[in-house]
Amino acid sequence: MIGTVHGGLDIGELRSLGLNPDEVLDFSSNINPLGISAKVKQAVGEADLSSYPDRHCLTLREAIADRAGVGIENLLMGNGSTELIHLLARACLKPGDRCLIFTPTFGEYEAAAVMAGGELYTLEASERDGFQWSIDPASNTIRELRPRLVFLCNPNNPTGVYLERDAVEQIVDAVGAHGLLVLDDAYAGLSGHQWDSTPLLGHGNVVILHSMTKDHALAGVRLGYLMASPDVITKVGGLQPAWSVNTVAQTAGLAALQDEAHVTAGRHAVQESKAYLHAELNDLGIPANASAANFILAKVGDAPGLRSALLRRGIAVRDCTSFGLPQFVRIAVRRRDECVRLVSALKEALAK
Ligand SMILES: Cc1ncc(COP(=O)(O)O)c(C=O)c1O
């Protein structure tokens, strides 16, 4: 197996365990617990699959621009935000350029920076501090290192830590004119308490990533977008292969934007189930990090062992060993009835 470790079901692994993928509840990828909206399904069913997609995703960019209050020249669509992370690193980092990452976090930032030849630095949050970064020392480090790219995920995967606007603005100031802050808002849409990061684009040194695969449960379709100044969009877009964002993705994205109520309902479902899961984990004596996102980081001791025990019971959770956290699992917040099944499997697995 090569590449970055991710959540989601591995069909080969399930086969080797004699498990039918349809019977496994996936708590290892963090998507809208209500799944795909009926309006998206209908639109995709009617899409014209025989023609090439619009290479510039014009209609979709217009719809996003309209909602976000930015120009279409500030938007680039991607085959999932993962594609955009890699293109950004290639566009902005020359071999030896410094790239700083707020960690522990999503593995693709490091993978992208390394592939682009960047020199990697991390600002590691510790368990002792509830995985909160100290912003003053972090800003000082950024001023000293003068990295070309800084990656910050907010709310952060896998810790659920969410920085307020003033903390992010302090980081933007520290990055200054010599670098770019890449703010990954992948989970902001499903977080209970959110602030709008879009005005940060006015600083000129901020790039914002959105993943439509989370809020709208389009993980299989692959769709994300980047908001930035027109010169960054041109540089990054210049590296993108033609037709990267296919017709199904563009159609699904347009229909999803017209069903914002589905995301709101998903957010409410997350809030209810998250409270339930926190209470149950607490009763089981499992420490869980306070999370602003639609997943919970739980300290279970032997994460690989517990993951295997749960998988045998038809429940997939994310072992956080690849984040450098081998005692933790990340649990996506799903519908309440599904969380009840998780808790029951957890009780069984822990009783063994
Ligand atoms: C923080 C973060 N950013 C980006 C992504 C990638 O999302 P996409 O499915 O849009 O490529 C993920 C996926 O897990 C993620 O956790």
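None of these values were measured; they are calculated from a predicted model. (Residues numbered from 1 in each chain as written. Predicted model: local features only at pLDDT ≥ 70, side-chain atom pairs only at ≥ 80, totals over all residues. Heavy atoms only, no water.)

1. Digging into the nonpolar core
So, point 1. By size, the foremost hydrophobic cluster in this structure holds 55 residues, and its most contacted members are Phe102, Leu152, Leu163, Val168 and Ile171.
So, point 2. Sorting elements by how many residues they give to this core places helix H7 (residues 165-175) first, with 6 residues.
So, point 3. The two domains that each donate at least three residues to this core are domain 1 (11-30 + 261-351) and domain 2 (42-258).
So, point 4. Each residue touching Leu152, except ones within four places of it in the same chain, is listed here: Phe102, Trp133, Leu163, Val168, Ile171, Leu181, Val182, Leu183 and Asp184.
So, point 5. Counting 28 residues, the second largest nonpolar core, distinct from the first, contains Ile85, Cys92, Ala116 and Val232. (Core = buried A, V, L, I, M, F, W, Y, C linked by side-chain atoms within 4.5 Å. Buried < 20%, exposed > 50% of the residue type's maximum accessible area, 1.4 Å probe, protein only. Helix = DSSP H or I, 4+ residues; strand = E, 2+ residues; numbered from the N terminus. Domains from an automatic or database assignment. Contact = heavy atoms within 4.5 Å.)

2. Quick look at the state of the cysteines
So, point 1. Counted according to the given criterion, the structure contains 0 disulfides.
So, point 2. In this model Cys92 remains outside any disulfide bridge; the closest cysteine sulfur is found in Cys99, 9.9 Å from its own.
So, point 3. Cys153 takes part in no disulfide bond, and the closest cysteine sulfur, belonging to Cys320, lies 13 Å away. (Disulfide = S-S within 2.5 Å.)

3. A few points about the pairing of strand E3 (residues 98-103)
So, point 1. In terms of residue burial, E3 counts as a mostly covered element, since 5 of its 6 residues are buried.
So, point 2. Here E3 runs beside strand E4 (residues 119-124); their pairing, made up of 6 bridges, is parallel. Bridge pairing in E4 links Thr103 to Glu124.
So, point 3. Regarding the hand of the β-α-β motif, the stretch spanning E3, helix H5 (residues 108-115) and E4 is right-handed.
So, point 4. For E3 and strand E5 (residues 149-153), the ladder comprises 3 bridges, and the chain directions are parallel. (Pairing = 2+ DSSP bridges. Right-handed = clockwise from strand over helix to strand, strands pointing away.)

4. A look at the sheet that holds strand E9 (residues 295-299)
So, point 1. One open sheet accounts for 3 strands, arranged E9-E12-E11; its pairing is antiparallel. Each end of this open sheet is capped by a strand with a single partner; those strands are E9 and strand E11 (318-319).

5. Quick notes on the site of the ligand
So, point 1. As a matter of local geometry, the ligand sits amid 14 residues, with Thr82, Asp184, Ser211, Lys214 and Arg222 nearest to it.
So, point 2. Measuring from an oxygen atom of the ligand, one finds a side-chain N or O atom of Thr213 at 2.8 Å.
So, point 3. Within the complex, 92% of the 400 Å² of free accessible area of the ligand lies under protein.
So, point 4. Contributing elements (two or more residues each) for the shell around the ligand: helix H4 (81-92) and helix H8 (212-215).
So, point 5. In terms of residue class, the shell around the ligand is built from 5 nonpolar, 6 polar and 3 charged. (Near = heavy atom within 4 Å. Polar contact = N/O pair within 3.5 Å; in protein donor to acceptor, adjacent residues only side chain to side chain. Areas by Shrake-Rupley, 256 points an atom, 1.4 Å probe, with all protein chains shown as cover. Nonpolar A, V, L, I, M, F, W, Y, C, P; charged D, E, K, R; others polar.)

6. A few points about the domain arrangement of the protein
So, point 1. Partitioning the protein into domains gives domain 1 (11-30 + 261-351) and domain 2 (42-258).
So, point 2. Centre-to-centre separation of domain 1 and domain 2, based on C-alpha positions: 26 Å.
So, point 3. Between domain 1 and domain 2, the contact holds 20 residues from the first and 23 residues from the second.
So, point 4. Where domain 1 abuts domain 2, roughly 1,700 Å² becomes buried across the two surfaces, and 60% of that area is made up of carbon and sulfur atoms.
So, point 5. Of all residues in domain 1, the largest losses of buried area upon contact with domain 2 belong to Val263, Ala292 and Phe323, amounting jointly to 29% of the total for that side. (Buried area = accessible area lost by both parts, 1.4 Å probe.)

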